[in-house]
Amino acid sequence: MAKLVGTLCSTHVPAIGPAIVAKKQEDPYWKPFFDGFHAVHDWVAKVQPDVAVIFYNDHGLNFWLDALPTFAIGCAKEYFTKDEGWGIPRFTDFDGYEDLSWHIVNAVKAADFDPVTCQEMYFDHALAVPMELTWPGVQRPIRIVPIEVNTVLFPTPTGKRCFNLGRAVGKAIESFPTDEKILVMGTGGLSHQLEGTRAGFINRKFDIEFIESLPTNPEWGTQFSPEEIVENAGTQGMEMINWLAARGTIQGDAKTIHVNYHIPISDTASCVLIQEPA
Ligand code: DHB
Ligand code: FE
């Protein structure tokens, strides 16, 4: 059966894309952020995943406010990035993994989740940036299964619902009849708010408590309603529910292998976190 090798959660700020293209890794503003990815490169080289299953949110590129799925799973053979209006250069295309996508779709339906299934999907910075940070400038040696979560339009799913979706996805991975190594990713966060009177809001205390709770007490994060997440982590801090979905795929306790929390990148409390099953 396939093996879940661990989870990799990362911030997905759009400005990271141009910083990668302009090679600003050693620039004083960017260095503390990019330095956090050396350990990611080492870890990925060590575990050598064959597949990445990615919980992310779309920001209006593929889905718009007129029809925004709570959960959508890509079931395509290939995927593409598109310019979402920031002028960000396109990153290389992504190979899909249809068999695993449909296996996950069927498994989560049996567990009472009803995702939209997509034969075609375009990615914005939420998926492209963490992938480029993890496999910079190389042909990615993986196939992907993208899972979109609505974090942008109320009513969003709860963190608890996302965590339980992660549970179902994790079980699906463990029942997939190949010997492939599967990495689960979650993107976005941590605390940030881009608009309104609280624009620039960051909550370090909340973020740190969230990070520290994930290995053995993810229920700390799932206790919050969407409104409470917005209050504590900002409107876009809602993206932490993607992290809860990723954490849910590890059925028991997790252990943190690497964490780099750095404030701020653009308006965001940035973080990259690697966890493995304990
Ligand atoms: C920023 C962060 C995000 O998560 C996003 O989707 C867009 C912008 C930012 O901090 O600039
Ligand atoms: Fe975002």
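### Regarding the overall build of the chain
Across its full length, the chain holds ten helices and eleven strands. Its C-alpha atoms give the chain a radius of gyration of 17 Å, near enough to 19 Å, the size a compact globule of 278 residues would have. Its C-alpha atoms give the chain principal-axis dimensions of about 45 × 40 × 40 Å. Burial status across the chain gives 56% buried among its 278 residues. Here the analysis covers contacts within the chain between residues at least 6 apart in sequence; of these, 80% occur between residues at least 24 apart.

### Side note on the coordination of the iron ion (ligand 2)
Around a metal, the perfect tetrahedron of four donors has angles of 109.5 degrees, and the perfect octahedron of six donors has angles of 90 or 180 degrees. For the iron ion (ligand 2), the full set of protein donor atoms is His 12 (NE2), His 59 (NE2) and Glu 239 (OE), and the range of their distances to it is 2.0 to 2.2 Å. Within one chain, the residues donating to the iron ion (ligand 2) are spaced in sequence as H-x46-H-x179-E. Taken together, the residues His 12 in the loop between β1 (3-10) and α1 (16-21) and His 59 in the loop between β2 (51-56) and β3 (71-74) connect sequence positions 47 residues apart. Here His 12 falls in the buried class, since its relative accessible area comes to 4%.

### Quick look at a nonpolar patch on the surface
On the surface, Trp 64, Leu 65, Val 152 and Leu 153 cluster together into a nonpolar patch covering about 370 Å² of accessible area. Residue position: Val 152 is located in the loop between β8 (143-149) and α6 (159-174).

### Brief notes about the packing of aromatic side chains
In total, this model carries 15 aromatic pairs according to the counting rule given. Measuring from centroid to centroid gives 5.2 Å for Tyr 29 and Trp 30, while their planes differ by 80 degrees, and the two rings are edge-to-face. Measuring from centroid to centroid gives 6.3 Å for Phe 210 and Trp 243, while their planes differ by 50 degrees, and the two rings are tilted. With a gap of 33 residues between them, Phe 210 in helix α7 (residues 204-213) and Trp 243 in helix α10 (residues 240-248) connect regions that are remote in the sequence. Accessibility assignment for this pair places Phe 210 and Trp 243 in one class, buried. Clustering of aromatic rings is evident, with ring pairs tying together Tyr 29, Trp 30, Phe 33, Phe 34 and Phe 37. Above the plane of the ring of Tyr 122 lies Lys 82, whose end atom (NZ or CZ) is 4.0 Å from the centre. A cation over a ring is seen here: Arg 143 above Tyr 97, with NZ or CZ 3.6 Å from the ring centre.

### Considerations on the pattern of salt bridges
Scanning the entire structure with this criterion turns up four salt bridges. Ionic pairing is found between Lys 31 and Glu 26, a salt bridge with its closest N-O pair at 3.2 Å. Across the pair Glu 180 and Arg 143 runs a salt bridge whose closest N-O atoms are separated by 3.7 Å. Note that Glu 180 is positioned in the loop between α6 and β9 (181-187) and Arg 143 in strand β8, a separation of 37 residues in sequence. For Glu 180, a relative accessible area of 13% corresponds to the buried category. Through salt bridges with shared partners, a single network forms among Glu 26, Lys 31 and Asp 35.

What counts, and where the lines are drawn
- Residues numbered from 1 in each chain as written.
- Chains lettered and ligands numbered in written order.
- Predicted model: local features only at pLDDT ≥ 70, side-chain atom pairs only at ≥ 80, totals over all residues.
- Heavy atoms only, no water.
- Helix = DSSP H or I, 4+ residues; strand = E, 2+ residues; numbered from the N terminus.
- Rg over C-alpha atoms; globule rule 2.2 N^0.38 Å.
- Buried < 20%, exposed > 50% of the residue type's maximum accessible area, 1.4 Å probe, protein only.
- Contact = heavy atoms within 4.5 Å.
- Donors = N, O, S within 2.8 Å, 3.2 Å for Na, K, Ca; no water.
- Patch = residues over 30% accessible without salt bridge, like charges linked within 9 Å, V, L, I, M, F, W, Y side chains within 5 Å.
- Areas by Shrake-Rupley, 256 points an atom, 1.4 Å probe, with all protein chains shown as cover.
- Salt bridge = Lys/Arg side-chain N within 4 Å of Asp/Glu carboxyl O.
- Phe/Tyr/Trp six-rings, centres within 6.5 Å; stacked < 30°, edge-to-face > 60°.
- Lys NZ or Arg CZ within 6 Å of the ring centre and 35° of its normal.

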